[in-house]
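Remarks on the overall topology
Residues per chain, in single letters:
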Amino acid sequence: MSLNLQSVQATMLIPLWGRATASKENPEILYDKEAIDIIAGCDFDFKEIAKTFGEYGGISYIVRARKIDDTIRAFIEKHPRATIVNIGAGLDTTFSRVDNGTINWYSLDLPDAIAFRQNFITDSPRNISIAKSFFDVSWFDEVIFNEEDGILFISAGVFYYFHEDQLKGILQEMANRFPCGELYFDAESKFAINISNRTVEKTGNKGAKMYFYVNNPKVLEGWSSRIKVLTCEPYFKGIPASKKWEGATRVMVRVVDLLKMLKFIHIRFVAK
């Protein structure tokens, strides 16, 4: 199974490269053995991605994975039998790092993306793929949900590709269906989105336009009385710049947080 390289789905190869490459050099932040193994067994030429994204790009991907890992671990410490839904999973490998032996994990993505994923990552009884659009709410019925066990939705680098009205509608539906559920995702500012669009185009992918951005997370609470913003944190908060990084990378890490270009947003769906 191959991917259309002029599509949003094809962007799954970028964070895979980032986690595999940067985690070798920065295992204190994240070590993604599964990503490294996938890259080793994949015949795709990552040279253009490496040239475009460089050291800073790779580090941004392992930091994102680390923040998501930490959020999941904190959640399942409180809810050891929780359901975790990875929205736009692509070639994400988080389950292999955080599984506690009792969580139920779902990787949600479009049919062609799931077909491609399954060339490298196979399902298991508690790690199940759902080949559907995020906006096809029939996937709600395919995930185990017990309010007392908790449900956490995660999404890494995915919401950018949607329009605000699309996200508003689906989050309203999720808030109604999954009371007390939580959602953790990354977002860019409007300024950063414009830069990201130019960067992705440099890889040769002209079909992955980004639209959604968040300057003020409180806007999300205006979408529904059942959406509550728990936290909004700078992207690199808690990750000290390493002296071994290139000077340009260290500067970018500081600038991104100073200008609030990237952030992690954690919301809860408030019960009636």
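Everything numeric here is computed off the predicted structure, so don't read it as measured data.

Structural notes on the environment of alanine 175
- Here alanine 175 is to be found in helix α6 (residues 164-177).
- A relative accessible area of 0% means that alanine 175 is categorised as buried.
- Alanine 175 sits 97 residues away from lysine 272 along the chain, and the two C-alpha atoms are 9.9 Å apart.
- For alanine 175, the residues in contact, after removing those within four places along its chain, are Arg226, Ile227 and Phe269.

So, the sheet that holds strand β2 (residues 104-109)
- Taken together, the seven strands give an open sheet; going across it, the order is β3-β2-β1-β4-β5-β7-β6, and neighbouring strands pair in mixed fashion. The open sheet has two edge strands, β3 (127-131) and β6 (227-234), and neither has a second partner. Shown here is a sheet whose adjacent strand axes are inclined to one another by a mean of 20°, direction ignored.
- Direction of pairing for β6 relative to strand β7 (residues 262-269): antiparallel, over a ladder of seven bridges. Each bridged residue has a counterpart across the sheet, and for valine 229 the counterpart in β7 is isoleucine 267.
- The strands touched by α6 are β1 (83-87), β4 (151-155), β5 (182-188), β6 and β7; relative to β7, the strand with the most contacts, the crossing angle is about 40°.

Topic: helix α9 (residues 247-258)
- Compared with an ideal rise of 1.5 Å per residue, which puts twelve residues at 16 Å, α9 spans 17 Å between its outermost C-alpha atoms and is within 8% of the ideal.
- Within the sequence span of α9, burial applies to Thr249, Val253 and Val256. The buried residues of α9 all sit within an arc of 75° when viewed along its axis, so they share a single face. Of the exposed residues in α9, the ones pointing more than 90 degrees away from its buried face are Ala248, Arg254 and Leu258.
- Looking at the buried positions of α9, the neighbouring elements they touch are α3 (47-78) and β7.
- Just downstream of α9 lies lysine 260, where phi reads positive at about 55°.

Observations regarding the packing of α3 against α9
- Orientation of α3 relative to α9, taken along the N-to-C sense of each, is 50°, at an axis distance of 9 Å. As summarised for this structure, α3 and α9 are arranged oblique, according to the angle between their axes. Seen from above, α3 lies across α9 with right-handed handedness. Facing Glu55, Tyr56 and Ile59 of α3, the residues of α9 in contact are Thr249, Met252, Val253 and Val256.
- Looking at the contact of α3 with α9 residue by residue, the class counts come to five nonpolar, one polar and one charged.

Overview of unusual backbone geometry
- One non-glycine residue, cysteine 180, lies in the positive phi region at around 70°.
- Turning to its location among the elements, cysteine 180 is positioned in the loop between α6 and β5.

Observations regarding the pairing of β1
- In terms of residue burial, β1 counts as a mostly covered element, since five of its five residues are buried.
- Here β1 runs beside β2; their pairing, made up of five bridges, is parallel. Within the sheet, the bridge partner assigned to isoleucine 87 lies in β2 and is leucine 108.

Quick look at the confidence of the model for the protein
- Taken as a whole, the protein shows an average pLDDT of 92; of its residues, 93% reach a score of 70 or greater.
- Segment residues 3-8: pLDDT under 50, and 21 contacts once partners within four positions in sequence are set aside and those in other chains are kept.

Observations concerning the pattern of salt bridges
- Counted according to the given criterion, the structure contains 13 salt bridges.
- The salt bridge partner of glutamate 142 is lysine 132, with a shortest N-O separation of 2.5 Å. Here glutamate 142, found in the loop between β3 and β4, pairs with lysine 132, found in the loop between β3 and β4; they are ten residues apart in sequence, far enough to count as distant.
- Among the residues examined, glutamate 142 registers a relative accessible area of 37% and is labelled partly exposed.
- Among the charged side chains, a salt-bridge network with shared partners connects Arg19, Asp32, Asp69 and Arg97.

What counts, and where the lines are drawn
Residues numbered from 1 in each chain as written. Predicted model: local features only at pLDDT ≥ 70, side-chain atom pairs only at ≥ 80, totals over all residues. Heavy atoms only, no water. Helix = DSSP H or I, 4+ residues; strand = E, 2+ residues; numbered from the N terminus. Buried < 20%, exposed > 50% of the residue type's maximum accessible area, 1.4 Å probe, protein only. Contact = heavy atoms within 4.5 Å. Pairing = 2+ DSSP bridges. Axes fitted to C-alpha atoms, helices over the stretch in contact; angles between N-to-C directions. Expected span 1.5 Å × (residues − 1). Arc of directions from axis to C-beta. Parallel < 35°, antiparallel > 145°, perpendicular 65-115°, else oblique. Left-handed = near helix turned anticlockwise from the far one by under 90°. Nonpolar A, V, L, I, M, F, W, Y, C, P; charged D, E, K, R; others polar. pLDDT = per-residue confidence, 0-100. Salt bridge = Lys/Arg side-chain N within 4 Å of Asp/Glu carboxyl O.

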